Each structure stands twice: as C-alpha cells, then as structure tokens.
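Tertiary structure, described
In case you want the letters, here they are:
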Amino acid sequence: MSAEDLEKYETEMELTLYREYRDVVGIFKYVVETDRRFYLCNQVDVKARTEAGDVFFEVSMSDAWVWDMYRPARFAKNVKVLTFKDVNVEELSPSEIDLPKS
C-alpha cells in the first residue's frame, strides 16, 4: 500500500466518521472532550480526585458514542476515563429537528 493509498483510506474513514457523527449528534445531550477522545453522551459525571498529591479527573459517561475512526464499535453503554489533563463538558441545545415518533 502506497502512502497515497493510505492517505486516501484515512480521508475516507474520517468522512465516514463525520457522517456518522452528524447522524447521531441529535440523540445525545452532552459533548465531552478529553485530551485523547471526543464523546457524545446522555449522562456525564466529572469528579476531581487526589492521590499521592496528584490531581486527576474521573469522568463517567453512559449511553455514549466515541469519535474514533479506528474503533469498530463506537457506541458504548458505559465509559470511564481517568485523565490528568483538562476535561471539557458542554450541554447540547435541544435539536430543532422533529424526529418521527414511531
């Protein structure tokens, strides 16, 4: 596989991931960004923890979608992240699109 083929493959994977994100973002309530991943979820809890003088964050999410093009299954029932870096949590605005109620 050439470098050009690899770049084309990664570009296609990123586009597929973006399209999936666009399709699912309306069913989630929160966006969570950590230093390594981007998540959509419906419940999130962030706790600051201290151990041996170091402060870290414990982020618990449920009903989550993970932005990761190399992950075969992006939906997860429960996710727990431990990080020493910043965590950003934003509440999404309710969708203005009316989904069919069937």
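Residues numbered from 1 in each chain as written. Predicted model: local features only at pLDDT ≥ 70, side-chain atom pairs only at ≥ 80, totals over all residues. Heavy atoms only, no water.

The chain is annotated in an unreviewed UniProt entry as DUF2469 domain-containing protein from Nocardioides mangrovi.

**Quick word on unusual backbone geometry**
A positive phi is found at Ala-52, a non-glycine position, where the angle reads about 55°. Considering the arrangement of structural elements, one finds Ala-52 in the loop between strand S2 (38-51) and strand S3 (54-67). At Asp-63, a position not held by glycine, the phi torsion is positive, near 55°. Locating Asp-63 in the fold gives a position in strand S3. Taking the relative accessible area as the measure of exposure, Asp-63 reaches 39% and is therefore partly exposed. (Helix = DSSP H or I, 4+ residues; strand = E, 2+ residues; numbered from the N terminus. Buried < 20%, exposed > 50% of the residue type's maximum accessible area, 1.4 Å probe, protein only.)

**Structural notes on the pattern of salt bridges**
Pairing is possible between side chains of opposite charge, provided their charged atoms come close. Going through the model one piece at a time under the given rule, you end up with 6 salt bridges. Across the pair Glu-58 and Arg-49 runs a salt bridge, and its minimum N-O distance is 2.9 Å. A single network of salt bridges, built from pairs that share partners, joins Arg-49, Glu-58 and Lys-80. (Salt bridge = Lys/Arg side-chain N within 4 Å of Asp/Glu carboxyl O.)

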